[in-house]
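This is what each chain is made of:
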Amino acid sequence: MNPLIPSLFRKQHPKVGARPGTLVIPKEAPAPRISIMHYGPQGCEEPDVVGVDSLRAAFDAETVSWIDVQGFGDRSVMREIGAMFDLHPLLLEDVVNVPQRPKTESYGDHLLIVVRMVSLDDETRIEMEQVSMILSKHYLITFQERYGDVLDPVRRRIRSGKGMIRKLGSDYLAYAIADTIIDGYYPALESIGDRLESLESEVIYNPSPEVLAELNAMKNQLINLRRAIWPQREAVNSLVRGDHAVISKDVGVYLRDTYDHCVQTSEVAEMYREMVTGLMNTYLSAIANRTNEVMKVLTIMASIFIPLTFMAGIYGMNFEHMPELHYRWAYPSLVIAMTVTAAGMLIYFYRKGWIGMRTRD
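Residues numbered from 1 in each chain as written. Predicted model: local features only at pLDDT ≥ 70, side-chain atom pairs only at ≥ 80, totals over all residues. Heavy atoms only, no water.

### Concerning the overall build of the chain
For the chain, the helix and strand inventory stands at 8 helices and 7 strands. Against the compact-globule benchmark of 21 Å for 361 residues, the chain has a radius of gyration of 34 Å, which places it well outside the compact range. Projecting the C-alpha coordinates of the chain onto the three principal axes gives extents of approximately 120 × 50 × 35 Å. Scored against the burial criterion, the 361 residues of the chain give a buried share of 42%. (Helix = DSSP H or I, 4+ residues; strand = E, 2+ residues; numbered from the N terminus. Rg over C-alpha atoms; globule rule 2.2 N^0.38 Å. Buried < 20%, exposed > 50% of the residue type's maximum accessible area, 1.4 Å probe, protein only.)

### A few points about the environment of Val-115
Looking at the element boundaries, Val-115 is found in strand 5 (residues 110-120). For the pair formed by Val-115 and Leu-87, sequence separation is 28 residues and the distance between their alpha carbons is 19 Å. Setting aside residues no more than four positions away along its own chain, Val-115 makes contact with Glu-129, Gln-130, Val-131, Met-133, Ile-181 and Gln-232. (Contact = heavy atoms within 4.5 Å.)

### Focus: the pattern of salt bridges
Evaluation of the coordinates by the stated rule reveals 15 salt bridges. Put simply, Arg-146 and Glu-145 hold a salt bridge, and the shortest N to O gap is 4.0 Å. With relative accessibility at 14%, the residue Glu-145 sits in the buried group. Residues joined in a network through salt bridges with shared partners are Asp-68, Asp-149, Asp-152 and Arg-155. (Salt bridge = Lys/Arg side-chain N within 4 Å of Asp/Glu carboxyl O.)

### Regarding the nonpolar core
Judged by nonpolar contacts, the single largest core of 29 residues is most densely connected at Leu-55, Ile-67, Ile-81, Phe-85, Val-95, Ile-134 and Phe-143. Every element with two or more residues in this core is listed here: strand 1 (33-40), strand 3 (64-70), helix 1 (75-84), helix 2 (89-96), strand 5 and strand 7 (139-144). Contacts of Ile-134, omitting those with residues within four sequence positions, involve Leu-87, Leu-91, Val-95, His-110, Leu-111, Leu-112, Tyr-139, Leu-140, Ile-141 and Phe-143. If you look at the next biggest cluster of nonpolar residues, it comprises 28 residues, including Trp-66, Ile-113, Val-131 and Met-133. (Core = buried A, V, L, I, M, F, W, Y, C linked by side-chain atoms within 4.5 Å.)

### A look at helix 5 (residues 185-205)
Count 3.6 residues to each turn of an α-helix, and residues three or four apart come out pointing the same way. Helix length check: helix 5 (21 residues) gives 31 Å between terminal C-alpha atoms against 30 Å at 1.5 Å per residue, within 8%. Largest kink in helix 5: about 25°, centred on Leu-199. Turning to helix 5, its buried residues number three or more, namely Tyr-185, Ala-188, Leu-189, Ser-191, Ile-192, Gly-193, Leu-196, Leu-199 and Val-203. The inward-facing, buried residues of helix 5 contact strand 5, strand 6 (126-135), helix 4 (170-183), helix 6 (209-241) and helix 7 (249-314). (Expected span 1.5 Å × (residues − 1). Bend = angle between axes of the 7 residues up to and from the residue.)

### Some points on the packing of helix 4 against helix 7
Helix 7 packs onto helix 4 with a crossing angle of 15° between their chain directions and a minimal axis gap of 10 Å. Here helix 7 runs roughly parallel to helix 4, going by the angle between their axes. Read as a crossing pair, helix 4 and helix 7 show a hand that is left-handed. Residue-level inspection shows Asp-171, Tyr-172, Tyr-175, Asp-179, Ile-182 and Asp-183 of helix 4 in contact with helix 7, the latter providing Val-251, Tyr-254, Leu-255, Asp-257, Thr-258, His-261, Cys-262 and Thr-265. By residue class, the composition of the contact of helix 4 with helix 7 is 7 nonpolar, 3 polar and 4 charged. (Axes fitted to C-alpha atoms, helices over the stretch in contact; angles between N-to-C directions. Parallel < 35°, antiparallel > 145°, perpendicular 65-115°, else oblique. Left-handed = near helix turned anticlockwise from the far one by under 90°. Nonpolar A, V, L, I, M, F, W, Y, C, P; charged D, E, K, R; others polar.)

### So, the pairing of strand 6
Extensive coverage of strand 6 is indicated by the burial of 10 of its 10 residues. Burial along strand 6 is two-sided: Ile-126, Met-128, Gln-130, Ser-132 and Ile-134 facing one way and Glu-127, Glu-129, Val-131, Met-133 and Leu-135 facing the other are all buried. Pairing between strand 5 and strand 6: 10 bridges, direction antiparallel. Across the sheet, the residue bridging to Leu-120 is Ile-126, located in strand 6. Note: strand 6 against strand 7, 5 bridges, orientation antiparallel. Within the sheet, the bridge partner assigned to Met-133 lies in strand 7 and is Thr-142. (Pairing = 2+ DSSP bridges.)

### Digging into empty space enclosed by the protein
Overall, the coordinates contain 2 cavities of 30 Å³ or more when judged by the stated rule. Estimated volume of the second largest cavity: approximately 50 Å³. Every residue lining the second largest cavity is listed: Ile-113, Leu-135, Asp-171, Ala-174, Tyr-175, Ala-178, Leu-239, Ile-247, Val-251 and Leu-255. Mapped onto the lining of the second largest cavity, the elements with two or more residues apiece are helix 4 and helix 7. (1 Å grid on protein atoms, 1.4 Å probe; cavity = no way out; pocket = protein on both sides within 12 Å on 5 of 7 lines; lining within 4 Å. Points joined across faces, edges and corners; volume = space filled by probe spheres on them.)

### Details of unusual backbone geometry
Here the amide bond leading from Val-98 into Pro-99 is cis, since omega sits at -5°, within 30 degrees of zero. For Pro-99, the position within the fold is in the loop between helix 2 and strand 4 (103-107). The backbone phi angle of Asp-86 is positive, close to 55°, even though this residue is not glycine. Secondary-structure assignment places Asp-86 in the loop between helix 1 and helix 2.

### Focus on the layout of surface pockets
Approximately 180 Å³ is the volume attributed to the second largest pocket. Taken together, Tyr-315, Glu-324, Leu-325, Tyr-327, Ala-330, Tyr-331, Ser-333, Leu-334 and Ala-337 make up the full set of residues lining the second largest pocket. Among the residues making up the lining of the second largest pocket, the classes are represented as 7 nonpolar, 1 polar and 1 charged.

Okay, here's the thing in structure tokens:
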């Protein structure tokens, strides 16, 4: 598989006939790393999480709790978390069996929000990761496939108490996380845009198989981004327009701004996909033009040598009685005639515009 084309949508699924709620843990999934933040207008606490029992403080109605689970390589831990928070088996299955289509689903007192987080490994490779948020009245649980994320700005806002985040509830925290994840698409798209600009000149002046391979890889990346952005747009829109008890009207106003960001990123991704298609067509046209130039040069050379070969062929025949055969100046006369013929044809081709560069009026 091309390293520039990540397999972003190879879904983990249970065996055929397995019971609903079966958890399929990937072999490479890291062990769960759990952290928790309790915060309110008075302050913020980040206690150490020794075990799943340490999460019981999340039920405290006086504060908002953010439980972050990075990695789900331990099935027993995931089931303990599901049992503690009374999570529906199908909800837990959607969390673990990744990747799921971005969506929002209501499970009684819990609201499941699935989004996809984008990160840049380098200038060419885009990594995507599912982030599942389980929203309840007093707490929010986030599940991530791997360690590390783009949510440090949200954590800093909670610790510093800046803005509205410590004054509002868990629904605002879900908005802040979703908005930060969707804003993470902008650097990825900007990286693709910058690379497309640099590829434009290469496609025209230096079309090579490496350029075509990179264009094809970028096209696949943009297709995968589009697969994530479009359903994500629908999911956020359902949060804005849906009647969810755990989302207040005040937070719905902020979610409209997040929906606008989804629309912008989807439009940019679509525009870049069209640019890649256009550059691939330009590449094919440049290759065809280069082939035509080569064929034109070879045709002109063959056309020049046809009369010269004719002359040489006549005087190369092994007949004893031929005119000019014993003439003293026959050889130089033939060379001069051949030179004049070649020069005359070159002048004719030049005047017809078949060779040389002509400036446009």
